[in-house]
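Architecture at a glance
These are the residues of each chain, in order.
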Amino acid sequence: GDVALLPRGSLSGPLWDALQQHSVQASPASDGSPFAGGLWELMRRALQARLLARQREIRVDCGVREGNVEVLAGSGSTWVVVPGPKGVRYSFDIARCMFSEGNAGEKERVRSWPVSGETVLDMYAGIGFWTLPLLVAGAEQVFSCEWNPDAVEGLRSGLELLGEPLARRCQVFAGDNRRKEVQQAVEGKCHRVMLGLIPTSRDGFPNAIAALRPAGGMLHVHWNAPADAEAATAQGIAEELEAMLLAARGGSWKCEVTAIQRVKSFAPKVRHLQIDIKCERLVS
């Protein structure tokens, strides 16, 4: 958007703090100096940004992976609009919501799926990373679940930017996706379920398999896996889901890994994967 965001830890430390303090003292605003505001303000104007900010470590102690930034220069709202695939525009507050550029390739892949006429459950929607491209790609209905109220606000804003004809195809459930209201709304209706939670989305498995249509469908499972065990991890997840489907819905089921997409590196020798698993009821 119109915010310049420096990476975490860059241009920081005692030396940079001293440079900023010295530059402010040397060019007071009362003198009408073009350098008023110091180093950060000079940098903001050079970048033609409304705000100059620096990333801090994402908060993981609050249960919702909040954004965390330090505004260095500029003023006004910390809300931004960021372009996405298929003309999608994501709207969110950089001070309160996380946004990962590492997911860009995966969003591009999602937009090419043949979802026209389908019903999709997005169990961890965030600001609409997957929900918005799926709607634009032709999904008939998307159920979007998110328990971070700041992210829900961003999701609703992104839906408004899509326009009413597409936005009305989306039903947003704010709060825990495991509650009865959500289960009853989606049970047996979905062609696809997005399980976009890491390091593991196992907690969503029971609701995901209940949401699939009687004949089955696709589960798109996000997972962190050792770099040397991607295929084995994916196969283990497919077998676990197959057993759960058999126990919960009876009959015979086959769960097959159809694709493993590397989303981004999560840690040394650990990759964030999206694993596409086709779940099919077998008819004798």
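Look up a bit, the structure's there.
Not measured: the values here are computed from a predicted model.

Once that is clear, we can look at the overall build of the chain. In terms of regular secondary structure, the chain is built from nine helices and twelve strands. Over its C-alpha atoms, taken along the principal directions, the chain stretches across nearly 85 × 45 × 30 Å. Relative to its 284 residues, the chain shows a buried fraction of 44%. Of the contacts formed within the chain by residues at least 6 apart in sequence, a portion of 62% connects residues at least 24 apart. Total accessible area on the chain stands at roughly 13,800 Å², and carbon and sulfur atoms take up 53% of it. Treating the 32 positive side-chain charges of the chain as one cloud and the 32 negative ones as another, the clouds have centres 3 Å apart.

In this section: the pattern of salt bridges. Applying the stated criterion across every chain, the model contains 14 salt bridges. For D93, the salt bridge goes to R96, with nearest N and O atoms at 2.8 Å. With a relative accessible area of 26%, R96 lands in the partly exposed category. Taking the shortest distance from any N to any O, the salt bridge between R168 and E164 comes out at 3.5 Å. Exposure remark for R168: the relative accessible area of 61% places this residue in the exposed category.

This part takes up the side chain of D93. Within the secondary structure layout, D93 lies in strand β5 (residues 89–93). Its relative accessible area of 6% is what places D93 among the buried residues. Among the polar contacts listed, one links the side chain of D93 to the backbone nitrogen of A95, at a separation of 2.9 Å. Here the side chain of D93 touches R96 through a polar contact of 2.8 Å, side chain to side chain. When sequence neighbours within four positions are dropped, the list of residues in contact with D93 reads T78 and W79.

Now for the nonpolar core. It is characteristic of soluble globular proteins that their nonpolar side chains tend to be buried jointly. In this structure, F92, F99, I127, L132, L134, L159 and L162 are the most contacted members of the largest nonpolar core, which totals 35 residues. Broken down by secondary-structure element, the contributors of at least two residues to this core are β2 (51–55), β4 (79–83), β5, α4 (131–136), α5 (149–162) and β8 (170–174). Among the elements that take part in this core, α5 stands out by supplying five residues, more than any other. Counting contributing residues, this core receives three or more from each of domain 1 (3–76) and domain 2 (100–282). Dropping the residues within four chain positions of it, L159 is found in contact with L132, L135, A167, C170 and V172. By size, the runner-up hydrophobic cluster in this structure holds 32 residues, among which are F143, A208, V221 and L241.

What counts and how
Residues numbered from 1 in each chain as written. Predicted model: local features only at pLDDT ≥ 70, side-chain atom pairs only at ≥ 80, totals over all residues. Heavy atoms only, no water. Helix = DSSP H or I, 4+ residues; strand = E, 2+ residues; numbered from the N terminus. Buried < 20%, exposed > 50% of the residue type's maximum accessible area, 1.4 Å probe, protein only. Contact = heavy atoms within 4.5 Å. Areas by Shrake-Rupley, 256 points an atom, 1.4 Å probe, with all protein chains shown as cover. Lys, Arg positive; Asp, Glu negative; His and termini not counted. Charge placed at Lys NZ, Arg CZ, Asp CG, Glu CD. Salt bridge = Lys/Arg side-chain N within 4 Å of Asp/Glu carboxyl O. Polar contact = N/O pair within 3.5 Å; in protein donor to acceptor, adjacent residues only side chain to side chain. Core = buried A, V, L, I, M, F, W, Y, C linked by side-chain atoms within 4.5 Å. Domains from an automatic or database assignment.

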